[in-house]
Amino acid sequence: MKDENLAIPLILTAFLLVSSFVPVIQILLIYLNTALVYPITRIAGTDSMAVHFITDGLLAIVTLFSFYYSKKTIWKIISAIGFTLFVLPMLVYATEGVFNEEDKYYLRFMLFGIIVGIPLILVGLLKMKKERLHITTKASLGTECRQ
């Protein structure tokens, strides 16, 4: 059982919550996301938000699965950041006209930080449970072979 399966999503969520008061990180993530999605919109021949949503959604799913199947800590960190890189801008674009920009801007990013962190935390818990079950099964098989 590895603690980093849960520690990485918790640290990332806490970082997003704290950085919501000075949303420079979120703005940089949005610009980086746009830079990554831009070539796909050029290939598609349109700059519609549908292309952004489809691309961000697919890449978010890929990075979430990557987080689940990662064995090394560095790949877990990269895939968790990648998940954040694709989900956070998608949430910002989807709620563009809903929030008032001048009034308590940090609440929006706090909410998005929690929303981004929940799937990562759930996947981390699921992975910890799987590893714990695997260790328990391996231990019980080892004791049965000795008897």
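First things first, this report covers the structure right here in the doc.

How each quantity is defined
- Residues numbered from 1 in each chain as written.
- Predicted model: local features only at pLDDT ≥ 70, side-chain atom pairs only at ≥ 80, totals over all residues.
- Heavy atoms only, no water.
- Axes fitted to C-alpha atoms, helices over the stretch in contact; angles between N-to-C directions.
- Helix = DSSP H or I, 4+ residues; strand = E, 2+ residues; numbered from the N terminus.
- Left-handed = near helix turned anticlockwise from the far one by under 90°.
- Contact = heavy atoms within 4.5 Å.
- Patch = residues over 30% accessible without salt bridge, like charges linked within 9 Å, V, L, I, M, F, W, Y side chains within 5 Å.
- Areas by Shrake-Rupley, 256 points an atom, 1.4 Å probe, with all protein chains shown as cover.
- Salt bridge = Lys/Arg side-chain N within 4 Å of Asp/Glu carboxyl O.
- Phe/Tyr/Trp six-rings, centres within 6.5 Å; stacked < 30°, edge-to-face > 60°.
- Buried < 20%, exposed > 50% of the residue type's maximum accessible area, 1.4 Å probe, protein only.
- Core = buried A, V, L, I, M, F, W, Y, C linked by side-chain atoms within 4.5 Å.
- Expected span 1.5 Å × (residues − 1).
- Polar contact = N/O pair within 3.5 Å; in protein donor to acceptor, adjacent residues only side chain to side chain.
- Parallel < 35°, antiparallel > 145°, perpendicular 65-115°, else oblique.
- Nonpolar A, V, L, I, M, F, W, Y, C, P; charged D, E, K, R; others polar.

Right, let's talk about the packing of helix α2 (residues 24–44) against helix α3 (residues 49–69) for a bit. It is the contact of α2 with α3, at a shortest axis distance of 10 Å, that shows an interaxial angle of 120 degrees. In the crossing of α2 with α3, the sense of the turn from one axis to the other is right-handed. Residues N33, V37, I40, T41 and A44 of α2 pack against V51, H52, T55 and D56 of α3.

A contiguous nonpolar patch, built from F15, F21, V22, V24, I25 and L28 and spanning about 550 Å² of accessible area, is present on the exposed surface. The element best represented in the nonpolar patch is α2, accounting for three residues.

Within this structure, the stated rule accounts for two aromatic pairs. With a centroid separation of 4.9 Å and 85 degrees between ring planes, the pair formed by Y68 and Y69 is classed as edge-to-face. For Y68, a relative accessible area of 16% corresponds to the buried category. Residue Y69 is classed as exposed on the basis of its relative accessible area of 54%.

Our focus in this paragraph is the environment of L12. Examined against the element boundaries, L12 turns out to sit in helix α1 (residues 4–19). For L12, a relative accessible area of 14% puts it in the buried group. In this structure, the C-alpha to C-alpha distance between L12 and L120, residues 108 residues apart in sequence, is 9.3 Å. Setting aside chain neighbours within four positions, we find L12 in contact with A80, I81, T84 and L120.

Our focus in this paragraph is the nonpolar core. Formed by 22 residues in total, the largest nonpolar core has its most connected members in F67, A80, F83, V87, F112, V116 and L120. Elements that contribute at least two residues to this core include exactly α1, α2, α3, α4 (73–94) and α5 (105–146). If one sorts the elements of this core by residue count, α4 sits on top with nine residues. Residues in contact with V116, not counting those within four places in the same chain, are L16, F83, T84, V87, L88 and L91.

Turning to α3, a few remarks are in order. One full turn of an α-helix is made of 3.6 residues, so residues set three or four places apart face in the same direction. End to end, α3 covers 30 Å across 21 residues, agreeing with the expected 30 Å (1.5 Å per residue, within 8%). Taken residue by residue, α3 has V51, H52, T55, D56, G57, A60, T63, F67 and Y68 as its buried positions.

Before going further, it helps to examine the side chain of S20. Topologically, S20 is positioned in the loop between α1 and α2. Given a relative accessible area of 0%, S20 falls into the buried group. Side-chain polar atoms of S20 contact the backbone oxygen of L17, separated by 2.6 Å. Those residues in contact with S20, other than ones at most four positions away along the chain, are Q26, Y105, Y106, F109 and M110.

This next bit is on the packing of α3 against α4. In the contact formed by α3 and α4, the axes pass within 8 Å of each other and the chain directions differ by 155 degrees. Relative to α4, the element α3 is oriented roughly antiparallel. Judged by the sense of rotation from one axis to the other, the crossing of α3 with α4 is left-handed. Contacts between α3 and α4 involve M49, F53, D56, G57, L59, A60, T63, L64, S66 and F67 on the former and, on the latter, K76, S79, A80, G82, F83, F86, V87, M90, Y93 and A94. Taken together, the residues of the contact of α3 with α4 sort by class into 13 nonpolar, five polar and two charged.

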